[in-house]
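# Structural characterization, general
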Amino acid sequence: EVQLVQSGAEVKKPGESLKISCSVSGYRFTTYWIGWVRQLPGDRLEWMGIIYPDDSNTKYSQSFKGQVTISADRSNNTASLQWSSLKASDTAIYYCARLVLGRYYFDYWGQGTLVTVSS
Amino acid sequence: HSALTQPASVSGSPGQSITMSCTGTSSDVGSYNYVSWYQQHPGKVPKLIISSVTNRPSGVSNRFSGSKSGNTASLTISGLQADDEAFYYCASYTTNSTLLFGGGTKLTVL
């Protein structure tokens, strides 16, 4: 069974760094892209970027380029999303999801990680 | 590329059919048959209901169907049920090799 299990909710202060994770199982990690999607409170889904774990090839939405870093660790089948300096406007739910290559849709999703940034 | 355009809300009565639209440009919806649709109940994880414009994943009711004409994709739900009340998001691959979501449509079952 394909599963994407994300790390737990985080409460951080502005300016702090953060790394959240997405642990996958049930399929070969290196053969699918993993994407990250942001959902601001009460708002729409936003595609942030994707990574191909086999070679760490990464593509970012222009809106998020330089704001976050997406990485993957093949040794423990985990993708990550990190910030070096959080802002209050980063408060949102972040989802990881598996992207079907060549068809460009997300077929399996993690449960979401709520990140709250507040002083 | 800004967000794909979806109506903010649509509504229908149980048993009726509704169609919601997703309008993009020739750089996204109009260029590829890579439009997908996701259903999200409040507080829940998005769920894939349509891929590649018309394909329904295993386990998704055949009451859900998708289509596309030019730069506009559509999702039709027939035989509306109370549990269909949710937010629906479309997404498309783009000529920039990125993905773009729509603003979402809230479906209300009256």
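Here, the structure is the one placed above.
Note that the structure is predicted; figures quoted are calculated from it, not measured.

All names here are of chain A. Grouped together as the largest cluster of nonpolar side chains are 24 residues, with contacts concentrated most on Ile20, Ile34, Trp36, Leu81, Trp83 and Tyr94. Of all the secondary structure elements, the ones that give two or more residues to this core are strand S3 (18-25), strand S4 (33-39), strand S5 (45-52), strand S8 (78-83), strand S9 (92-100) and strand S11 (113-117). The leading source of residues in this core is S3, at four residues. Residues contacting Ile20, with those up to four places away along its chain left out, are Ser7, Glu10, Trp36, Ala79, Ser80, Leu81, Trp83, Tyr94, Thr113 and Val115.

Right, let's talk about the sheet that holds strand S5 (residues 64-69) of chain B for a bit. Residues and elements named next belong to chain B. Strand order in this open sheet of three strands is S2-S6-S5, and the pairing throughout is antiparallel. The open sheet has two edge strands, strand S2 (18-23) and S5, and neither has a second partner. Direction aside, the axes of adjacent strands within the sheet are offset by 20° on average. Here six bridges tie S5 to strand S6 (residues 72-77), and the two strands are oriented antiparallel to one another. Within S6, the residue paired with Lys68 across the bridge is Ala73.

Under the counting rule described, the total for this entry stands at 13 aromatic pairs over all chains. Pairwise contacts between aromatic rings join Tyr95(A), Phe106(A), Trp109(A), Tyr38(B) and Phe101(B) into one cluster. The aromatic ring of Tyr27(A) is capped on one face by Arg98(A), whose charged end is 4.6 Å from the ring centroid. Across the ring face of Tyr32(A), the terminal group of Arg98(A) is positioned such that the distance to the ring centre comes to 3.7 Å.

Basis of the calculations
Each chain has its residues counted from 1, following the order in which its sequence is written. Following the order in which they are written, the chains are lettered starting with A and the ligands numbered starting with 1. Two thresholds apply to this predicted model, a pLDDT of at least 70 for residue-level local features and 80 or more for giving and counting side-chain atom pairs, whereas whole-chain, interface and lining totals are computed over all residues. With hydrogens and water stripped out, all remaining heavy atoms of the structure feed into the side-chain values. In this text, buried Ala, Val, Leu, Ile, Met, Phe, Trp, Tyr and Cys residues form a nonpolar core when linked through side-chain atoms within 4.5 Å. Per-residue accessibility, obtained with a 1.4 Å probe over protein chains only, is compared with the maximum for each type, and a residue is labelled buried under 20%, exposed over 50%, and partly exposed between these values. Put simply, DSSP H or I for four residues or longer makes a helix, DSSP E for two residues or longer makes a strand, and each gets a number counted from the N terminus. Should any heavy atoms of two residues lie within 4.5 Å, those residues are counted as being in contact. What makes two strands pair is DSSP finding at least two bridges between them. Fitted lines through C-alpha atoms serve as axes, helices being fitted only where they are in contact, and the angles separating the N-to-C directions of these axes extend from 0 to 180 degrees. Under the pairing criterion, centres of Phe, Tyr and Trp rings, with the six-membered ring standing for Trp, must be within 6.5 Å; the plane angle then separates stacked pairs below 30 degrees from edge-to-face pairs above 60, leaving the rest tilted. Put simply, a charge is over a ring when the Lys NZ or the Arg CZ is close to the ring centre, within 6 Å, and near the line of the ring normal, within 35 degrees.

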